[in-house]
Amino acid sequence: MSQPPLTLNQPHQFPGKLIIVEGIDGSGKSTQLLLLQKWLVSKGFNVFFTEWNSSELVRETTRRGKKSKALTPTTFSLLHATDFANRLYHDILPPLKAGMIVLADRYVYTAFARDAVRGVSPAWVRKLYNFAIRPDLAFYFKVPIEVAISRLLGGMRGQFKYYEAGMDMGLSQDLTESFRIFQSRILTEYDKIVSEYEMITVDATQEIEEQQNEMRQRVSQALEQYKPKRGTHGRRETVFWRRFGLSKPE
Amino acid sequence: MEDARQYFGDGLAYLNLSDLKGRLIAIEGTDGVGRSTHIELLQEWLEVQGYGVVTTGWTRSNLMSKTIEVAKQGNILDRWSLSLLYATDFADRLEHQIIPALRSGFIVLADRYIYTAFARDAVRSGDRKWIRDVFGFAVVPDLVCYLRIDVDTLALRVIETSGMNYWESGMDMKLGADLYDSFKKYQGLLIEEFDKMAEEFKFEVVDARKPPEEIQDILRAQIEPLLKNNGRKPDIPLEQSPSGALPANSSPSS
């Protein structure tokens, strides 16, 4: 109640940093975020990772709703917002307040894009997520739909999932075709969102290392003023034993 | 207003409201004020007159009722998650129960409506805007009856019946040292919020300290005009029972 209201439209005041990635399935964003995490950890930063739609609070409900195909565009949207709220409160805010770097695989922009395509009012979704924190860096991995499809079909992911392919929208009986139509529409929405929220677009058809290079350069710039609180645990033990002239026990 | 059914704010762009010919009546009020008893009596009264009635209750959706129960047991809900759980439950009932029933011409009696969520969120956050934006997709009811009670009477009544529980006492807000203190402060704040909304949204305010029969009569009188103005009023005259007495017109306390 005493905190200033959080809002997507102005920078947050916490000591930590929030870095997020967006993009359709098959854009390679999760790979890039993982590589970024490896790099940051190797540099000694305290990093916390959080992923879209992963809170325990509604995971079971979402799963059940998806399975029974009982979700409407609005309940689908609200369940994801609940998940996000819960993660914001438990996973994102505490590390940001503690001065850590938070990496988020998908953020509210995923909802803005998907829900709009499902027919939910874009204005409403933005108001719904008004309590979110504005990221310090937001990367959008832009990829043509055919590239995404070939990556997904060639990879280990197997079949497209019902909701990810937008099968609830009755676009096509064919899973791949439905995915193509649905995700193409999402790409169109992303294009609008990227300029609305000034996200950094990465050409996701480039080689993995090239993209990662670009990402690291951006992050490195953004972290120039950042004073990381280095973790002491893991080191403290050694120091403790050294002080008493003892060797570390097994 | 009579024919143009409206969304509260940003509505469901993919749904058409123009053919919802039923009536939507919400009964609001704090915990333990007697809402469900009166809804039962109203349903009986309406059905005897030949109206189809569907009742819908807060947190009772197929999708969410269990989730909310489990979440509340954990006592770790933040303000946003709590409000969004309510909103999800409400959306599920709206799209799967309320709107289809209204489309088929039923009278929908809602035990609590969006105003409950507004009150609960406002006392937790002091912010009235966000929660109203969230519930923008709600259909504006034809009538909101607010069963109003003072917090002292309410406290006695709740102790005598169900007893005070964690959430009804707003224990998550840490307002008081114990259940009783917290209950009184929390419910007091909620009543204040409801009172403000009663003016803003033109609730019909009913004094819930009156005897149940009297309250029921008042509620029926408030609902009656909606039925008469409803072009759907049955053409078939009510059958006279041989004795000339209609059981549904007897005292509701029976």
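Scoring rules and cut-offs
- Residues numbered from 1 in each chain as written.
- Chains lettered and ligands numbered in written order.
- Predicted model: local features only at pLDDT ≥ 70, side-chain atom pairs only at ≥ 80, totals over all residues.
- Heavy atoms only, no water.
- Pairing = 2+ DSSP bridges.
- Helix = DSSP H or I, 4+ residues; strand = E, 2+ residues; numbered from the N terminus.
- Axes fitted to C-alpha atoms, helices over the stretch in contact; angles between N-to-C directions.
- Contact = heavy atoms within 4.5 Å.
- Buried < 20%, exposed > 50% of the residue type's maximum accessible area, 1.4 Å probe, protein only.
- Salt bridge = Lys/Arg side-chain N within 4 Å of Asp/Glu carboxyl O.
- Phe/Tyr/Trp six-rings, centres within 6.5 Å; stacked < 30°, edge-to-face > 60°.
- Core = buried A, V, L, I, M, F, W, Y, C linked by side-chain atoms within 4.5 Å.
- Parallel < 35°, antiparallel > 145°, perpendicular 65-115°, else oblique.
- Left-handed = near helix turned anticlockwise from the far one by under 90°.
- Nonpolar A, V, L, I, M, F, W, Y, C, P; charged D, E, K, R; others polar.

Draft legend 1. Representation of the sheet that holds strand 5 (residues 200-203) of chain A. Residues and elements named next belong to chain A. Read from one edge of the open sheet, 5 strands run 2-3-1-4-5, paired in parallel fashion. The open sheet terminates on both sides in strands that have one partner only, identified here as strand 2 (47-51) and strand 5. With strand direction ignored, the average angle separating the axes of adjacent strands in the sheet is 20°. One ladder, built from 4 bridges, connects strand 1 (residues 17-22) with strand 4 (residues 137-142); its direction is parallel. In the sheet register, isoleucine 19 faces strand 4, and the bridge partner there is leucine 137. The strands touched by helix 1 (residues 29-42) within the sheet are strand 1, strand 2, strand 3 (101-105) and strand 4, with strand 3 carrying the most contacts at an inclination of about 165°. The strands touched by helix 8 (residues 208-222) are strand 1, strand 4 and strand 5; relative to strand 4, the strand with the most contacts, the crossing angle is about 165°.

Draft legend 2. View of the side chain of Arg87(A). All names here are of chain A. Tracing the backbone shows arginine 87 in helix 3 (residues 73-97). For arginine 87, a relative accessible area of 1% gives the class buried. Not counting chain neighbours up to four residues away, the residues in contact with arginine 87 comprise Thr50, Glu51, Trp52, Asn53, Ser54, Ser55 and Ile92.

Draft legend 3. Region of interest: the pattern of salt bridges. Residue and element names in this part refer to chain B. For the structure shown, the criterion picks out 30 salt bridges over all chains. For aspartate 127, the salt bridge identified is with arginine 79, shortest N-O distance 3.2 Å. Separated by 48 residues along the polypeptide, aspartate 127 in the loop between helix 4 (114-125) and helix 5 (129-134) and arginine 79 in helix 3 (residues 79-103) bring together distant segments of the chain. A salt bridge links aspartate 152 to lysine 184, with the shortest nitrogen-to-oxygen separation between them at 2.5 Å. With aspartate 152 in helix 6 (residues 151-160) and lysine 184 in helix 7 (residues 179-200), the pair connects residues that are 32 residues apart, well separated along the chain.

Draft legend 4. Geometry of the side chain of Asp25(A). Within the element layout of this structure, Asp25(A) appears in the loop between strand 1 and helix 1. Asp25(A) sits in the buried class, given a relative accessible area of 8%.

Draft legend 5. Broad picture of the packing of aromatic side chains. All names here are of chain B. One pass over the structure, following the stated rule, counts 37 aromatic pairs over all chains. Here phenylalanine 90 and tyrosine 113 contribute two aromatic rings whose centre-to-centre distance is 5.1 Å and whose plane-to-plane angle is 85°, an arrangement assigned as edge-to-face. A residue pair is termed long-range when its members are at least 10 positions apart, and phenylalanine 90 in helix 3 and tyrosine 113 in the loop between strand 3 (107-111) and helix 4 qualify at 23 residues. The buried category is assigned to phenylalanine 90, whose relative accessible area is 0%. Judged by its relative accessible area of 0%, tyrosine 113 falls in the buried class. Seen in terms of ring centroids, tyrosine 115 and phenylalanine 201 are 5.3 Å apart; in terms of plane orientation they differ by 50°. Their pairing is tilted.

Draft legend 6. Representation of the nonpolar core in the model. Ranked by size, the top nonpolar core spans 156 residues in total, and within it Tyr107(A), Tyr113(B) and Phe135(B) carry the most contacts. Examining the composition of this core, we find that 13 residues originate from one element, helix 3 of chain B, more than from any other. Residues contacting Phe135(B), with those up to four places away along its chain left out, are Phe8(B), Trp58(B), Ser83(B), Tyr86(B), Ala87(B), Phe90(B), Ile114(B), Ala117(B) and Phe118(B).

Draft legend 7. Examining the packing of helix 6 of chain B against helix 7 of chain B more closely. Residue and element names in this part refer to chain B. For the pair helix 6 and helix 7, interaxial distance at closest approach is 10 Å and the crossing angle is 130°. As the angle between them shows, helix 6 and helix 7 are arranged oblique. Seen along the crossing, helix 6 lies across helix 7 with a hand that is right-handed. Counted together, Val151, Asp152, Leu154, Ala155, Val158 and Ile159 of helix 6 and Tyr180, Phe183, Lys184, Gln187, Gly188 and Ile191 of helix 7 form the full contact between these two elements. Taken together, the residues of the contact of helix 6 with helix 7 break down into 8 nonpolar, 2 polar and 2 charged.

Draft legend 8. Expanded view of the packing of helix 6 (residues 145-154) of chain A against helix 7 (residues 175-196) of chain A. Residue and element names in this part refer to chain A. At their nearest, the axes of helix 6 and helix 7 sit 10 Å apart, and the two run at 135° to each other. Here helix 6 lies oblique to helix 7, going by the angle between them. In this structure, helix 6 meets helix 7 at a crossing whose hand is right-handed. Mapping the contact onto sequence places Ile145, Glu146, Ile149, Leu152 and Leu153 in helix 6 and Thr176, Phe179, Arg180, Gln183, Ser184 and Leu187 in helix 7. Split into classes, the residues belonging to the contact of helix 6 with helix 7 amount to 6 nonpolar, 3 polar and 2 charged.

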